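Residue strings, one per chain:
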Amino acid sequence: MNVIKDAVNNLIGRKPSGPKIRYAVVGAGSIAQSAFMPGILETSNSVMTVLCSDDAEKRDQLAKQYNLKSYSYDQFDQMLDANECDALYIATPNFLHVKHVVPALEKGYHVLCEKLMGCSEEECEAMIAAQKKSGAKLMIAYRLHCDPGNLEVLDRVRKGDFGEARVFTSMHTQYLREDNHRGLNGFDSGPVPDMGPYPINGSRTMFGSEPIEVQAMGFKHSHPDLKMEYDTVSVHMRFPQERVASFVVGFATVLTTYYRIVGTKGEIIVDPAYNFDKAVSYTTRFGEGGEEEKTKNFPKVDQFGGETEYFSDCILKNVEPEPNGEEGLMDVRVVYAIKKSLETGKPVKLEPRNRIRHAQMDQLRSVSFGKPPKQKDVIGRDSEKPAVDATPDTR
């Protein structure tokens, strides 16, 4: 135990053990196997050393493939005491985040936590309190905050290239198999917490402000075995200065992933926008009827590798990451306001908030795309034939 105490500084959390940050991967589902683990191999400042999973097959095969020390969830505390990593990547289901994030932060481990941050504002605040207590770094995995294409869009919006940005619209959907775990656990694994963070965070980021009112409408037209009241949800969000964001998320249509920002002088459409395995592309339109149209395609980069490289830089340089716990909390409060609106059928007002920090161009990281495993080679339930549900978990 003395080794652990010596490695922790109350102001900065755990001191890095060397020039590369050592990561433990907690949760070995599709997103970890298909995106994070291939991506971290492309970074210059990060390595994997530990794996924690409740699936024995995943632990055995992935530990051998990547030369990792492995632990079960029941051995999580033992893993934290072993001093074999500097940071944790948390890719467990949302309802387990607080269970793993809080004790890790309290022991000074830096944490990169997948979105949605938690299942309530109280869970998020518990994680933030643990981070402040130890001084360790907490970053929510908003990979688009480090992506070259999305950051360029943000930069152009901020510079006023499209005039005053007044409308944000988006769609993020896919068709879910009836046996997919996301359709079997009610609202907390449904389309709003699972896919909603992308347009919610995108509109907040592009407008540079927080919504003050939300209203939602739900629809159900897929498999009766899906244990959720709605498989498709339409949301409207009111922002200060009479700006509006509208989006649809769902598990009942073909894959769509775009957002559109309309201003007083022009508009920009980003499509594809949210998928980690596709290159970002945007189209700008100016003039009456949008006759002045231009398209820009970006090189394919590894967004998971990019966000990891950025977070490791923050740890090594003792810099607070921009998409921190507060950023995660801002999205969670919107998600559960949407839930309340669905339950009541009425608009829900949000307490006015002002987030001081916002994504900046110096967060940009361009990392070569890591080769993901073929779907059939993903270990566990996600290795089954995807059928029409052709995309892995996009958290």
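Residues numbered from 1 in each chain as written. Predicted model: local features only at pLDDT ≥ 70, side-chain atom pairs only at ≥ 80, totals over all residues. Heavy atoms only, no water.

Side note on the packing of aromatic side chains
The final tally for this structure, using the stated rule, is 10 aromatic pairs. Where F36 meets Y89, the ring centres are 3.8 Å apart and the plane angle is 5 degrees; that geometry is what we call stacked. In this pair, F36 is assigned in helix α2 (residues 30–40) and Y89 in strand β6 (residues 87–90), connecting sequence segments 53 residues apart. Overall, the relative accessible area of 0% leaves F36 in the buried class. A residue is classified by how much of its surface remains accessible, and Y89, at 0% relative accessible area, is buried. (Phe/Tyr/Trp six-rings, centres within 6.5 Å; stacked < 30°, edge-to-face > 60°. Helix = DSSP H or I, 4+ residues; strand = E, 2+ residues; numbered from the N terminus. Buried < 20%, exposed > 50% of the residue type's maximum accessible area, 1.4 Å probe, protein only.)

Let's talk about the packing of helix α9 (residues 197–207) against helix α11 (residues 325–344)
Each pair of packed helices can be described by the angle between their axes along with the distance between the axes. At their nearest, the axes of α9 and α11 sit 10 Å apart, and the two run at 120 degrees to each other. The angle between α9 and α11 falls in the class oblique. Handedness of the α9/α11 crossing: right-handed. Across from P197, I200, N201, R204 and T205 in α9, the residues of α11 making contact are E327, M330, D331, V334, V335 and I338. (Axes fitted to C-alpha atoms, helices over the stretch in contact; angles between N-to-C directions. Parallel < 35°, antiparallel > 145°, perpendicular 65-115°, else oblique. Left-handed = near helix turned anticlockwise from the far one by under 90°. Contact = heavy atoms within 4.5 Å.)

Some details on the domain arrangement of the chain
Structurally, the chain comprises domain 1 (2–143 + 305–324 + 366–377) and domain 2 (147–300 + 330–349). Here domain 1 and domain 2 have C-alpha centroids that lie 27 Å from each other. Facing the 16 residues of domain 1 at the interface are 17 residues of domain 2. Summed over both sides, the interface between domain 1 and domain 2 buries roughly 1400 Å², with carbon and sulfur atoms accounting for 68% of that surface. Considering only the surface of domain 1 that becomes buried against domain 2, L116, R143 and F369 emerge as the three largest contributors, covering 45% of it. (Domains from an automatic or database assignment. Buried area = accessible area lost by both parts, 1.4 Å probe.)

Quick look at the sheet that holds strand β3 (residues 21–26)
In spatial order, the strands read β5-β4-β3-β6-β7-β8; together these 6 strands make up an open sheet with parallel pairing. Unpaired on one side and paired on the other, β5 (69–71) and β8 (138–140) mark the two borders of the sheet. Each neighbouring strand pair of the sheet contributes to a mean axis angle of 25 degrees, computed without reference to strand direction. (Pairing = 2+ DSSP bridges.)

A few points about the UniProt feature "domain: Gfo/Idh/MocA-like oxidoreductase N-terminal" (unreviewed entry) in the chain
The UniProt record annotates "domain: Gfo/Idh/MocA-like oxidoreductase N-terminal" (unreviewed entry) at residues 21–142. Summarising residues 21–142: 43% helix, 22% strand, and an end-to-end C-alpha distance of 19 Å. (UniProt positions renumbered as here; feature names shortened; annotations may be inferred.)

What to know about α2
Most of α2 sits out of view: 11 of its 11 residues are buried. What α2 keeps buried is the set S30, I31, A32, Q33, S34, A35, F36, M37, P38, G39 and I40.

Examining the sheet that holds strand β12 (residues 243–250)
Strand order in the open sheet made by the 9 strands is β16-β15-β14-β13-β9-β12-β11-β10-β17, with mixed pairing throughout. Of all the strands in the sheet, the pair left with one neighbour each is β16 (292–297) and β17 (348–349). Here strand β9 (residues 165–175) pairs with strand β13 (residues 252–263) via 9 bridges, running antiparallel. When the bridges of β13 are listed, V167 appears paired with V262. Against the sheet, helix α7 (residues 148–159) contacts β9, β13, β14 (266–270), β15 (281–286) and β16, and its axis sits at roughly 25 degrees relative to β15. Where α11 meets the sheet, its contacts fall on β10 (213–219), β11 (232–239), β12 and β17, and the angle it forms with β10 comes to roughly 60 degrees.

Considering the pattern of salt bridges
Enumeration over the complete set of coordinates arrives at 21 salt bridges. Note that E322 and R355 form a salt bridge whose closest N and O atoms lie 3.5 Å from each other. Highlighted residues: E322 in the loop between α10 (303–317) and α11 and R355 in the segment after β17, separated in sequence by 33 residues. Each of the two residues, E322 as well as R355, counts as buried. Counted as one network, the salt bridges with shared partners bring together R204, E210, E322, E326, E327, D331 and R355. (Salt bridge = Lys/Arg side-chain N within 4 Å of Asp/Glu carboxyl O.)

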